Amino acid sequence: MFTATLIGETIGAGDLSAASDRLAAAGCAPAGTTWLEPEVAADLAFAADPDAARAALEGAFARTDVIVQPTARRRKALLVADMDSTMITVECIDELADYAGIKAQVAAVTEAAMRGELDFEGALDARVALLAGLDERVIAQCLAERVRIMPGAKSLVRTMRAHGAAAVLVSGGFTRFAEPVAAEIGFDRAIANVLEVADGRLTGTVTKPIVGSATKEQTLGDWLVERGIERARSLAVGDGANDLAMIGRAGLGVAYHAKPIVAAAAAARIDHGDLSALLYAQGYRRTEWVE
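Owing to the predicted nature of the structure, the values given are computational and were not obtained by experimental measurement.

Caption draft 1: Structural detail: the sheet that holds strand β3 (residues 41–46). The strand order across the open sheet built from 4 strands is β2-β3-β1-β4, with neighbouring strands paired in antiparallel fashion. Two strands bound the open sheet, and with one partner strand each, they are β2 (30–37) and β4 (65–70). Here the average twist between neighbouring strands, direction ignored, is 20°. Most of the contacts of helix α1 (residues 13–25) go to β2, to which it runs at about 150°, and overall it touches β1 (2–7), β2 and β3. Packing against the sheet, helix α2 (residues 50–57) makes contact with β1, β3 and β4, and its axis sits at approximately 175° to β4.

Caption draft 2: Region of interest: the sheet that holds strand β6 (residues 166–174). The parallel open sheet is built from 6 strands, whose spatial order is β7-β6-β5-β10-β11-β12. Single-partner strands in this sheet number two, and they are β7 (189–193) and β12 (268–270). Neighbour-to-neighbour, the strand axes of this sheet turn through a mean angle of 20°, independent of strand direction. As paired elements, strand β11 (residues 252–256) and β12 share 3 bridges and run parallel to each other. Residue pairing in the sheet places Val 254 in a bridge with Ala 268 of β12.

Caption draft 3: Main features of the packing of aromatic side chains. Tallied over the entire structure, the rule returns 2 aromatic pairs. Relative to Phe 46, the ring of Phe 2 has its centre 5.5 Å away and its plane inclined at 20°; by these criteria the two rings are stacked. Of this pair, Phe 2 sits in strand β1 while Phe 46 sits in strand β3, and the two are 44 residues apart along the sequence. Pair check on accessibility: Phe 2 and Phe 46 agree, each one buried. Ring centres of Tyr 280 and Trp 289 lie 5.1 Å apart, and the angle between their planes is 55°; on these two criteria the pair is classed as tilted. Given the relative accessible area of 4%, Tyr 280 is considered buried.

Caption draft 4: Spatial organisation of the pairing of β1. Within β1, 6 of the 6 residues are buried, which leaves the element mostly enclosed by the surrounding structure. Side-chain alternation along β1 places Phe 2, Ala 4 and Leu 6 on one buried face and Thr 3, Thr 5 and Ile 7 on a second face that is also buried. Note that β1 and β3 share 6 bridges and pair antiparallel. Considered in β3, the bridge of Thr 3 is made with Ala 45.

Caption draft 5: Inspection of the packing of helix α6 (residues 137–145) against helix α8 (residues 175–185) at higher detail. Put simply, α6 and α8 touch, their axes get as near as 10 Å, and they point 40° apart. Our classification of the angle between α6 and α8 gives oblique. Once α6 is placed against α8, the crossing between them reads as right-handed. Residues Ile 139, Cys 142 and Leu 143 of α6 pack against Arg 176, Phe 177 and Pro 180 of α8. Tallied by class, the residues present in the contact of α6 with α8 amount to 5 nonpolar, no polar and 1 charged.

Scoring rules and cut-offs
Residues numbered from 1 in each chain as written. Predicted model: local features only at pLDDT ≥ 70, side-chain atom pairs only at ≥ 80, totals over all residues. Heavy atoms only, no water. Pairing = 2+ DSSP bridges. Helix = DSSP H or I, 4+ residues; strand = E, 2+ residues; numbered from the N terminus. Axes fitted to C-alpha atoms, helices over the stretch in contact; angles between N-to-C directions. Contact = heavy atoms within 4.5 Å. Phe/Tyr/Trp six-rings, centres within 6.5 Å; stacked < 30°, edge-to-face > 60°. Buried < 20%, exposed > 50% of the residue type's maximum accessible area, 1.4 Å probe, protein only. Parallel < 35°, antiparallel > 145°, perpendicular 65-115°, else oblique. Left-handed = near helix turned anticlockwise from the far one by under 90°. Nonpolar A, V, L, I, M, F, W, Y, C, P; charged D, E, K, R; others polar.

Laid out in structure tokens, this is it:
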């Protein structure tokens, strides 16, 4: 069996009926609906052809996300998540660059790298080099003034951990942001790049090897082995090209308000809702959330 979860702002009974009709027309053999939260999220069970179900439902209802997956092992035991523009609302390197007066220059490179147009490691080195000489104290200032937790992040991580899951934040950004962000949200661990500092100023370099796509994928694999978790019970979420490998390897890989290359490749997308949509995707009812 399979489940299609619809998550939106004003889902009505008529929408569920229309969705069931679409599944039937696509040959998916619908088998009933269940509300997870009235007018917000609902499950549609069906028996066949998840690819056809996804094609039939995605984009069919205004401002509604659709996640299609096998019903078995739907509730995940491992979350591996990106940080910038996923668990937080900003790209930290762009915000640091703003304090140096070069945000537009750096942000353009960040955007190209996240779209997959540039090698991530090379692009990171080039951007960090532009920050050479920046006062180290700006990092704490940026964290306090600019970094905001993404809506739904705390509920997602804390609910999953309360039900026995592990959660790892793996960022191509920097430990000086990732570690406090991970602690605030509730992750088990944070992995990120180390900005090098000398005499109270950024040197324009990061410690090698760089945390990039390969590290993210390897982290997911390592935690599966160490915790004895089936791949099907893993969830990975991110927005940029350097998240593609871990998204592809996870049991459920999710593109979150993602760049086109990621949205096109991922098995699931969240285009409209916040991160709490991933709780509904796992079958959590609103009453089960840990705030």
